[in-house]
Amino acid sequence: MTEGNRTRIAVVGLVVLALFGALLARLWFLTVAGHETYVAQAQQNGVRVAFTQPQRGIIWDRDGKPLVRNTTTFRATVSRGITAEQRHQVLVRLSDVIGVPKSDLERRMNSADNSPLLAAPVWDEVPETAVTYIAEHAEEFPGVEVAPFSTRVYPYGSAAAHVLGYVGSMNDKEYETHGAGDEPDYQLGDDIGKDGVESFYDAELRGSHGVESLRVDAAGRVLDTLGSQPAVPGNNLELTIDLDLQRFAEQTLADGLALQRLQPVLDRKTDEPLGHNFLAPAGAVVVMDVDTGAILATASNPTYQPEAFIGGIPADVYQQLNDKATYFPLLNRVTQGLYAPGSTFKAVTAFAISDAGVLAYPWEEILDDKGFRKFGLEGQQTTYRNFESIPGGQVQLARALQISNDVYFYDMAWRIVQLPKDLNDTVVLDDMAIQQTARRLGFDEPTGIDLAGERGGRVPDREWLEQVNKKDPVAFPYNIWLGGYTITLSVGQGDLLATPLQLATAYAAIGNGGFKVTPHVVHRIVSPQNTVVREIAPVPVDVGLDPEIRDIVMKGLSDAVMTDDGTGFKAFEGFDLGRLPIAGKTGTAETCTACEPQNTAVFTALVPANDPKYVVTVFIEKGDTGGSTAAPIAREIIEFLYCTGGAAAIRQPDPLGLDQQVTIGCPPLVAVPAAAPPGSDIPAFEEIEPGSTNAGVIPVDGTGALVPGLPPPASNAPGTGVTTPDSTASPRRRRSRGRRPSRDAQTRRADEPCAAGCGP
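The notes below deal with the structure included here. In this convention, every chain numbers its residues from 1, walking through the sequence in written order. Restriction of local features to residues with pLDDT of at least 70 applies here, the model being predicted, together with a cutoff of 80 or more for giving and counting side-chain atom pairs; totals for whole chains, interfaces and linings are based on all residues. Here the side-chain values reflect all heavy atoms present in the structure, with hydrogen atoms and water set aside.

## Things to note about the sheet that holds strand E25 (residues 614-620)
DSSP bridges decide pairing: two strands pair if at least two such bridges lie between them. We count a stretch as a helix when DSSP gives it H or I for four or more residues in a row; a strand needs E for two or more, and each element gets its number in order from the N terminus. Read across the open sheet, the five strands follow the order E14-E13-E25-E24-E23; overall the sheet is antiparallel. Because the sheet does not close on itself, it has two edges, and the strands there are strand E14 (295-301) and strand E23 (583-589). Averaged over all pairs of adjacent strands, the angle between their axes in this sheet comes to 5 degrees, without regard to strand direction. Contacts: residue pairs with any heavy atoms within 4.5 Å of one another. Orientation is described by axes fitted as lines to C-alpha atoms, over the contacting stretch for helices, and by angles from 0 to 180 degrees between their N-to-C directions. On top of the sheet, helix H10 (residues 243-260) reaches strand E13 (283-289), E14 and E25; it is set at about 30 degrees to E14, its chief contact. Packing of helix H20 (residues 547-562) onto the sheet brings it into contact with E23 and strand E24 (600-607), and relative to E23 it is tilted by some 75 degrees.

## Some thoughts on the packing of helix H13 (residues 346-355) against helix H15 (residues 406-417)
Between H13 and H15, the least distance of the axes is 11 Å, while the angle of their chain directions is 40 degrees. Relative to H15, the element H13 lies oblique. The element H13 and its partner H15 pack so that their crossing is left-handed. Two secondary-structure elements touch here, H13 through Lys346, Thr349, Ala350 and Ile353 and H15 through Asp406, Tyr408, Phe409, Met412 and Ile416. Taken together, the residues of the contact of H13 with H15 sort by class into six nonpolar, one polar and two charged. An angle counts as roughly parallel when it lies under 35 degrees, as roughly antiparallel when it exceeds 145, as roughly perpendicular when it falls between 65 and 115, and as oblique in every other case. Crossing handedness follows the turn of the near helix against the far one: under a right angle anticlockwise gives a left-handed crossing, and clockwise gives a right-handed one. Polar here means any residue other than Ala, Val, Leu, Ile, Met, Phe, Trp, Tyr, Cys and Pro, which are nonpolar, and Asp, Glu, Lys and Arg, which are charged; Gly is therefore polar.

## What to know about the pattern of salt bridges
The salt bridge criterion pairs a side-chain nitrogen of Lys or Arg with a carboxyl oxygen of Asp or Glu, the two atoms within 4 Å. According to the stated counting rule, one finds 23 salt bridges in the structure shown. Note that Asp202 is salt-bridged to Arg206, the shortest N-O span being 3.4 Å. Arg206 shares its class with Asp202; the two are buried. In this structure, Lys346 and Asp406 form a salt bridge, with 2.6 Å as the shortest nitrogen-oxygen distance. Residue exposure (1.4 Å probe, protein chains only): buried if accessible area is under 20% of the type maximum, exposed if over 50%, otherwise partly exposed.

## Observations regarding the environment of Thr71
Secondary-structure assignment places Thr71 in strand E3 (residues 66-78). In this structure Thr71 comes out as partly exposed when scored by relative accessible area, which is 32%. Sequence separation of Thr71 and Val153 is 82 residues, and the distance between their C-alpha atoms is 6.6 Å.

## Description of the packing of H10 against helix H21 (residues 626-641)
Their axes nearest at 10 Å, the elements H10 and H21 cross at an angle of 155 degrees. Relative to H21, the element H10 lies roughly antiparallel. The crossing of H10 and H21 is right-handed. In this structure, H10 uses Asp244, Leu245, Phe248, Ala249, Thr252, Leu253, Gly256 and Gln260 to contact H21, whose residues at the interface are Thr629, Ile633, Glu636, Ile637, Phe640 and Leu641. Grouping the constituent residues of the contact of H10 with H21 by class yields eight nonpolar, four polar and two charged.

## Overview of the environment of Asp411
Its place among the elements puts Asp411 in helix H15. Linking Asp411 and Val358, residues 53 residues apart in sequence, is a C-alpha distance of 9.9 Å. Sequence-distant contacts of Asp411, defined by excluding residues within four places in its chain, comprise Ile366, Arg373 and Phe375.

## Overview of the side chain of Ser300
Considering the arrangement of structural elements, one finds Ser300 in strand E14. In protein, a polar contact requires one atom able to donate a hydrogen and another able to accept it; more generally it is a pair of N or O atoms within 3.5 Å, and residues adjacent in sequence count only if both atoms are side-chain atoms. At 3.2 Å, the side chain of Ser300 and the backbone oxygen of Leu331 are in polar contact. One polar contact links the side chain of Ser300 to the main-chain amide nitrogen of Arg333, over a distance of 2.9 Å.

## Re the pairing of strand E16 (residues 372-375)
Alternating positions in E16 separate cleanly, Arg373 and Phe375 being buried on one face and Phe372 and Lys374 remaining unburied on the opposite face. In this structure, E16 lies alongside strand E17 (residues 382-385), joined through four bridges in antiparallel fashion. Opposite Phe375, over in E17, you have Thr382 as the bridge partner. Count of turn residues in the E16/E17 antiparallel hairpin: six residues, of which Gly376 carries a positive phi of about 120 degrees.

## Describing H13
H13 sits mainly inside the fold: eight of its ten residues count as buried. Phi turns positive one or two residues past the end of H13, at Gly357, with a value near 80 degrees.

## A look at H15
In this model H15 runs 16 Å from its N-terminal to its C-terminal C-alpha over twelve residues, within 8% of the 16 Å that 1.5 Å per residue would give. With respect to burial, H15 is a largely interior element, ten of its twelve residues being buried. Working rule for helices: expected span equals 1.5 Å times residues minus one.

So far we have only geometry, and geometry alone does not tell us how the molecule works.
Right, here's the structure in full:
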């Protein structure tokens, strides 16, 4: 044997020895060193942990009426582990047994909300006969499980939909938001609140999972139960919402919008019809306690049916709910709709001119003998007009609010523009007084209401202008704050945007004497054992309103409704203002749609005027003037709130699910001092006895709730120019109690700074 052969044999021997050594070492590790680890893993592989969802808490109105409750159904799920062919066959069989199209089961199974790791839910309302059949023929349904499942029930249909919100399966993104499993009460596939209080108070409503530890064999069959912990139901919510008032407000708003869509748009100069009607596609209403911020009613139209989300919503229906063509039914216009508040903002400006020191004395008068003012450098002046250029004569602050005189506020705003400059002659002192006062009263930031998705609005100032100029110098070519911006802002126009709730909150502070309250829709959280867990008690914040100016403002707002030349008087003709005095302000925010009066109509009322308890705010998109469309809606709500019109008959699903007429009775009378404040010329308020009913019956499908699959009415489609047979009727046609049409929409900045005359 050669030396080379010996070397090769030695190398091969070493390799063989090394391999045997490695095998022996691995065997020793598996049998000795890693024994405990692998025994634990083997035991763990034989244990499965199952979670059961708890019952979500019930949601009541302020009187204990259930707005959302639960019912138990059977949910069918299909395992991810079966083959595509098995899945096809299973869905075909399930379709036959359950009685629903296979396409519906596939849509639910493939929903983006489903976890890719868990069995996919395919149907939530499996009939009991189908449950029995599937259990008896399990071999025909591989991978299928049917188990009891708790689902939401909405006894009153779309009532308070934007307050309640809806629930849906937790998706992967939401799972990551909740700690990807770090929070034990959040598991993939769970139902989670998606909007409204269902979302805001989800942690309270959802409860705690039940847990079962099960021993299983290699095939996954359950051998026995190692231990279990029952699910803990969620807490219940008692809302501040008054269901009767809520339903009445929703249907009054819907009826007002429908009525306004019958009114023709008239030429501003000739009063001749232009051949098409007001669009009036949407609107908002809020009724709030001025002292506590408790929301008694909040309506946003168009609305939707929360039950459409039960078991998952088809993509095309969800698209309809978020479509411009249907005016975004999911949008809660009370907290998310952004509008120029128009002349209702003048009450804010009233305090600003006092704060800025440009008001010589509280009752200072100016002369408006032309109905317009010109401001600016000689030869470069801009004309700013009253509504329809009507002169106001001798005007002081209260009178300016009463008749909504623009020139008065233009003059005062120009005084702010002209305030002295600092030593460098560059920075104007206090020229942002209107903005500062607006922010103190709650504009430019969310109010803090306990609803998901609230928007903060916009109060334009020098810093804002610099930012938008950098982003879009074409749309905002001037990088300096011009005097015209302040003039336009003073009457609630220009780039100012606010939500209806922000306006209501500001007026609540005026009504209660200067305290900003945090609006809220939940009164308290109650445990399943009916003990109070937590009560919502917002702390009022003193915003420092000048008491003397506040009295003048309240007089102006009262005179706007209670004197025959006030801008809100006509809407309250026939109302017993001697027994229930009303203070209010109309607003007509110009959106300049081809310079037609397709304006945002606004009205805010404080009631009773001598000692405000409630604020009622109405916004109507593209709906003429605040006095003609928004104020009559507010009147009807006030009549119901104080029962001056008796009971109201409406049609909506009752708690038993029967589509029948329901008569709403009068709410309890509110105790209000009978004596007027010293020195006030506001009439005293007397307790009002229920009167005769004349509210009319509104059909159940007139609430504005979008019916899935149906397009909006053709006569309301923007840009169609379609008119109804009644389109030539009087634009001031009233209902039985003096009520008029109304409507509102999201607005962007006007094309011109109110130079044509801002509405009252």
